[in-house]
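A look at the structure
Residues per chain, in single letters:
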Amino acid sequence: MELRHLRYFVAVAEAGSLTLAAEQKLHTSQPSLSRQIRDLEDEVGAQLLRRSARGIELTPAGRVFLDHARSVLSQVEAASEAARRVAHPAKPRFAMGFLTGHELTWMPKALQILHDELPNTDVMISSQYSPLLANGLLKGTVDAAFLRRERGVPDLAFRLLVKEPLVVILPRDHRLAAFKAISPRDLAGETFVTVSATAPVLRVIIDNYLKRSGINITPAHEADHLAMGMSLIASTGGVGLLPAYAQNFLPSSVTSRPLKGDAPTIDLVLGYKKSNQSPILRLLLSRLDELVARASHKTR
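Just so it is clear, the model here is predicted, and its values are computed rather than measured.

1. Overview of the environment of alanine 227
- Structurally, alanine 227 is set in helix 8 (residues 226-236).
- Counting along the chain gives 22 residues from alanine 227 to phenylalanine 249, while the straight-line C-alpha distance between them is 8.2 Å.

Now the structure itself:
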């Protein structure tokens, strides 16, 4: 008796037809299948199947044999799978998320640290708005994320990476582009482009800075992402405030200038779920100072 005899018998029993089992499940000829079943019955020493008006039916001996045949096949598959896992262990996976635009600085350095220590790890990368990254951390679909210090998420922990100063983004031919640095009062009366609800932490920092500066500005446009912000500034001749990393993505028609005085900053942090026990996460956290040093060296 061979395993194929058991598989053929189970297929016929489940299909209730030699013809259907042969054509649809086993992809063999019906006469060949009939011979295999007869050989099995000879080996067992009992009739397992009989023909009826409704097709193929199990005999009482066949019903008992079917349960055992399924059990044997299930155990063989389990044994095979266990052997495959030992011979070819699955690579550990680690999901990292990046606030869109920060991949350029942080992703190569983070990947280098992980691959140096854990070369067999599959690192999955995603790029999203900060609130979506925080949600991914909470759901467990992201293990670590480079994002803003989002509020109202007590299950998350944040480690500071860098404080990014805000700079003025404006068209290259704008009158304020002639200045080496721009005062917040210089922004009064200008078409102002701000960020939308996709960046709630940044929006609060911008609004609070303008309020502290005594500037009453009603934004003319809201941008969901960097590309949209640049496009609005270029097309409307307006100005906006963005973190310094945005300077890596300026089109030729747009430039930047620092703010005079004490410019506001926004934190870029590494976020993770407090309950996440991933050893890969622990490794990344243990090398955070090195990661910051590598990224800072690149931006200089």
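Next, the rest of the story.
2. Some words on the nonpolar core
- Leu166, Val168, Leu187, Phe192, Ile206, Leu241 and Leu242 are the most contacted members of the largest nonpolar core, which has 34 residues in total.
- Elements supplying a minimum of two residues to this core: strand 6 (156-171), strand 7 (192-195), helix 7 (200-212), helix 8 and strand 9 (239-243).
- It is helix 7 that provides the largest number of residues to this core, a total of six residues.
- Those residues in contact with leucine 166 that sit more than four places away from it in its chain are Leu202, Ile205, Ile206, Leu241, Leu242, Pro243, Leu259, Ala263, Pro264, Thr265 and Ile266.
- The next biggest cluster of nonpolar side chains, apart from the first, holds 25 residues, and it includes Phe94, Met96, Ile280 and Leu291.

3. Details of the pairing of strand 11 (residues 265-273)
- Most of strand 11 sits out of view: seven of its nine residues are buried.
- In terms of strand pairing, strand 6 meets strand 11 through nine bridges, oriented antiparallel. Considered in strand 11, the bridge of alanine 157 is made with tyrosine 272.

4. Focus on the packing of aromatic side chains
- Under the criterion given, the structure shown has three aromatic pairs.
- Taken together, the aromatic side chains of Phe98, Trp106 and Phe146 make up a single cluster linked through ring pairs.

5. Digging into the packing of helix 1 (residues 3-15) against helix 3 (residues 30-44)
- Where helix 1 contacts helix 3, the two axes come as close as 10 Å, and the packing angle between them is 110°. By the angle class used here, helix 1 and helix 3 are roughly perpendicular. Crossing geometry of helix 1 relative to helix 3 is assigned as left-handed. Every residue of helix 3 that contacts helix 1 at Arg4, His5, Tyr8, Phe9 and Val12 is listed here: Leu33, Gln36, Ile37, Asp39 and Leu40.
- Here the residues of the contact of helix 1 with helix 3 are counted per class, giving six nonpolar, two polar and two charged.

6. Details of helix 7
- Given a rise of 1.5 Å per residue, 13 residues ought to cover 18 Å, and the 18 Å separating the end C-alpha atoms of helix 7 matches this to within 8%.
- Every buried residue belonging to helix 7 is among Val201, Leu202, Arg203, Ile205, Ile206, Tyr209 and Leu210, and all of these are buried.
- Looking at the buried residues of helix 7, the elements they touch are strand 6, strand 7, strand 8 (221-223), strand 9 and strand 11.

7. Some words on the pattern of salt bridges
- Under the counting rule described, the total for this entry stands at 11 salt bridges.
- Two residues, arginine 4 and glutamate 2, come together in a salt bridge whose shortest N-O distance is 2.8 Å.
- Glutamate 164 is the partner of arginine 148 in a salt bridge, and the nearest nitrogen-oxygen pair spans 2.6 Å. Linking arginine 148 in the loop between strand 5 (144-147) and strand 6 with glutamate 164 in strand 6, this pair joins segments that are 16 residues apart in sequence. Across this residue pair, the class does not change: arginine 148 and glutamate 164 are buried.

8. Some details on the environment of arginine 282
- Within the secondary structure, arginine 282 sits in helix 9 (residues 279-286).
- Separated by 206 residues in the primary sequence, arginine 282 and valine 76 place their C-alpha atoms 38 Å from one another.

9. Some words on the packing of helix 1 against helix 4 (residues 60-87)
- One can describe the packing of helix 1 onto helix 4 by two numbers: an axis separation of 10 Å at closest approach and a directional angle of 125°. Taken as axis vectors, helix 1 and helix 4 run oblique relative to one another. The two elements helix 1 and helix 4 cross, and the hand of that crossing is left-handed. On the side of helix 1, the interface is formed by Leu3, Leu6, Arg7, Phe9, Val10, Ala13 and Glu14, while helix 4 contributes Gly62, Phe65, Leu66, Ala69, Arg70, Val72, Leu73 and Val76.
- When its residues are assigned to classes, the contact of helix 1 with helix 4 shows 11 nonpolar, one polar and three charged.

Conventions used here
- Residues numbered from 1 in each chain as written.
- Predicted model: local features only at pLDDT ≥ 70, side-chain atom pairs only at ≥ 80, totals over all residues.
- Heavy atoms only, no water.
- Helix = DSSP H or I, 4+ residues; strand = E, 2+ residues; numbered from the N terminus.
- Core = buried A, V, L, I, M, F, W, Y, C linked by side-chain atoms within 4.5 Å.
- Buried < 20%, exposed > 50% of the residue type's maximum accessible area, 1.4 Å probe, protein only.
- Contact = heavy atoms within 4.5 Å.
- Pairing = 2+ DSSP bridges.
- Phe/Tyr/Trp six-rings, centres within 6.5 Å; stacked < 30°, edge-to-face > 60°.
- Axes fitted to C-alpha atoms, helices over the stretch in contact; angles between N-to-C directions.
- Parallel < 35°, antiparallel > 145°, perpendicular 65-115°, else oblique.
- Left-handed = near helix turned anticlockwise from the far one by under 90°.
- Nonpolar A, V, L, I, M, F, W, Y, C, P; charged D, E, K, R; others polar.
- Expected span 1.5 Å × (residues − 1).
- Salt bridge = Lys/Arg side-chain N within 4 Å of Asp/Glu carboxyl O.

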